[in-house]
Amino acid sequence: MILTKKNLHTKINRVGKIFCTPDWQWDTGKHNNQDFDLWNVLQGHGQMKTPKKEYNLLPGDCFLLDLKQEQYIGTHDPDNPLIVIYIHFDFIDNESNIIKPKNPPKLYRRIKDISFFESLLNRVLKFQNDISDINTTENIQHAEEWFNMVLLEIHHQDKQKQYSGLMKKYSHYVNRICNEIIKNPAKFQNVEMMAKQFSYSIDHFTRIFKKIRGITPYEFLLQTRIDTAKTLLRTSDHDISRIAELLGYSDLAHFSKQFNARVGMPPSTYRKADQPYF
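In this text the structure is predicted, and so the values were computed from the model without any measurement.

Chemist: Break down the environment of Ala 253 for me, with residues and values.
Modeler: Relative to the elements of secondary structure, Ala 253 occurs in helix H8 (residues 252–263). In this structure Ala 253 comes out as exposed when scored by relative accessible area, which is 52%. Taking the C-alpha atoms as reference points, Ala 253 and Ser 241, separated by twelve residues in sequence, lie 9.4 Å from one another.

Chemist: Describe in detail the sheet that holds strand S7 (residues 73–76), supporting the description with residues and values.
Modeler: Pairing in this open sheet of four strands is antiparallel, and the strands run S2-S7-S4-S5 from one edge to the other. In this open sheet, the two strands that pair with only one neighbour each are strand S2 (26–27) and strand S5 (54–57). Judged from the two bridges that link them, S2 and S7 form a sheet pairing that is antiparallel. If you follow Trp 26 over to S7, its bridge partner there is Gly 74.

Chemist: Describe the environment of Thr 10, listing the residues and the values that go with them.
Modeler: In this fold, Thr 10 is placed in strand S1 (residues 9–19). With a relative accessible area of 8%, Thr 10 lands in the buried category. Spatially, the C-alpha atom of Thr 10 lies 5.6 Å from that of Ile 92, the residues being 82 residues apart in sequence. Among the polar contacts listed, one links the side chain of Thr 10 to the side chain of Glu 144, at a separation of 3.3 Å.

Chemist: Help me get a handle on the pairing of strand S3 (residues 36–43), residues and values and all.
Modeler: By the criterion of burial, S3 is predominantly enclosed, with seven of the eight residues buried. Looking at chain direction, S3 and strand S6 (residues 61–66) are connected through five bridges and run antiparallel. Along S6, the bridge assignment pairs Asn 40 with Cys 62.

Chemist: Tell me about helix H1 (residues 114–129), and please be specific about residues and values.
Modeler: Compared with an ideal rise of 1.5 Å per residue, which puts 16 residues at 22 Å, H1 spans 22 Å between its outermost C-alpha atoms and is within 8% of the ideal. Every buried residue belonging to H1 is among Phe 117, Leu 120, Leu 121, Val 124, Leu 125, Phe 127 and Gln 128, and all of these are buried. Contacts made by the buried residues of H1 are with S1, S3, S6, strand S8 (83–92) and helix H2 (136–160).

Chemist: If you had to explain the packing of aromatic side chains to someone new, which residues and values would you point to?
Modeler: As enumerated under the stated definition, the model contains 19 aromatic pairs in all. Here the aromatic rings of Tyr 173 and Phe 198 are separated by 4.5 Å at their centres, their planes lie at 15 degrees, and the arrangement is stacked. With Tyr 173 in helix H3 (residues 165–183) and Phe 198 in the loop between helix H4 (191–197) and helix H5 (202–213), this pair connects stretches of sequence that are 25 residues apart. Both rings, one in Phe 205 and one in Phe 209, keep their centres 5.9 Å apart while their planes meet at 55 degrees; by these two values the pair is tilted. Here the residue Phe 205 and the residue Phe 209 both occupy positions in helix H5, the gap between them amounting to four residues, near one helical turn.

Chemist: How would you summarise the pattern of salt bridges if you had to cite specific residues and measurements?
Modeler: A full pass over the atoms with the stated rule returns seven salt bridges. As a salt-bridge pair, Asp 158 and Arg 109 come within 2.9 Å of each other at their nearest N and O atoms. Taken together, the positions of Asp 158 in helix H2 and Arg 109 in strand S10 (residues 108–110) put the pair 49 residues apart, joining distant regions of the chain. Among the residues examined, Arg 109 registers a relative accessible area of 0% and is labelled buried.

Chemist: Explain H5 residue by residue, including any values.
Modeler: Here H5 spans 16 Å end to end across twelve residues, near enough to the 16 Å set by a 1.5 Å rise per residue. For H5, the complete set of buried residues consists of Phe 205, Ile 208, Phe 209 and Ile 212. Viewed along the axis of H5, the buried residues span an arc of 100 degrees, placing them on a single side of the element. Turned more than 90 degrees from where H5 packs its buried face, Asp 203 and Arg 207 sit exposed. Tucked inside the fold, the buried residues of H5 contact H2, H3, H4 and helix H6 (217–235). Where H5 ends, the next residue or the one after it, Gly 214, has phi of about 90 degrees, a positive value.

Parameters at a glance
Each chain carries its own residue numbering, running from 1 in the direction its sequence is written. With the structure being a predicted model, the display of local features is reserved for residues of pLDDT at least 70 and the display and counting of side-chain atom pairs for 80 or more, all residues being used for whole-chain, interface and lining totals. Calculated side-chain values reflect all of the structure's heavy atoms, with hydrogen atoms and water omitted. The helix and strand labels rest on DSSP assignments: H or I over at least four residues marks a helix, E over at least two residues marks a strand, and numbering proceeds from the N terminus. Three exposure classes are used, based on accessible area relative to the maximum for each residue type with a 1.4 Å probe and protein chains only: buried under 20%, partly exposed in between, and exposed over 50%. When DSSP locates at least two bridges between a pair of strands, those strands are taken to pair. Contacts described as polar in this section are N or O atom pairs within 3.5 Å, which, within protein, must combine one atom able to donate a hydrogen with one able to accept it, while residues neighboring in sequence count only if both atoms come from side chains. One less than the residue count of a helix, multiplied by 1.5 Å, gives the span that helix is expected to have. Residue contacts are defined here by distance: any two heavy atoms, one from each residue, within 4.5 Å place the two residues in contact. Two aromatic rings, drawn from Phe, Tyr or Trp (for Trp, its six-membered ring), form a pair once their centres lie within 6.5 Å of each other, and the interplanar angle then sorts them: stacked below 30 degrees, edge-to-face above 60, tilted otherwise. A pairing counts as a salt bridge when a side-chain nitrogen of Lys or Arg comes within 4 Å of a carboxyl oxygen of Asp or Glu. This arc corresponds to the set of directions leading from the helix axis out to the C-beta atoms.

Such coordinate-based values are descriptive only and should not be taken to indicate function.
Encoded structure:
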């Protein structure tokens, strides 16, 4: 996948959320857009006409449109209007030169977990649109980081469709484990517990997991715990010791050390911040 290449990055040009009016129509041939456009349907019904195929649009439909090369025409049902998030971007190299990737991403996919994917997109919108003289550079950096997560999630879902036979079975197992971790980050204390659930060795399970998700099971567990900790610190009244316990930590100092390493500040500082990072 293009994003795994260390010399390839993205540059966000413009983002937004469209609440389409009843008379909405979209024809890229009438605009002078010369970049890529990530286009994701949140609500409504409609049609997207591409040079090779016409798609009936439903929530979860996600396109990566090459506006330099193709013309796309969008319409919708006025009685069930579309709500769409879009992100215009370019692929760039290490010197910030705009380039065309050798293996561009697929045009279309149906996103499985719409709410999770929408939350990633909203993080991009939040930071890209929250521009001020004080934090412009920092917010742009955060927007780019979240956008990379969006593209990695697209890459993951595209890869899943390619699986067949044994790998399809493995993919089902791995996704089941991931969902269990997201729902209850304290359920698995280590990779051995995850592997035992399917009677796999630790090494075999780790290889399968990394092949399917792109990171090790330990990294996924740790990142999920940190993300959940951020949410609890922002939204709950639990003290930090209780949050650590809910996430499966028996040692508060260990939790604080891991949080600080990932977030760049201790949990107590994160909680007190006026505008904590997502």
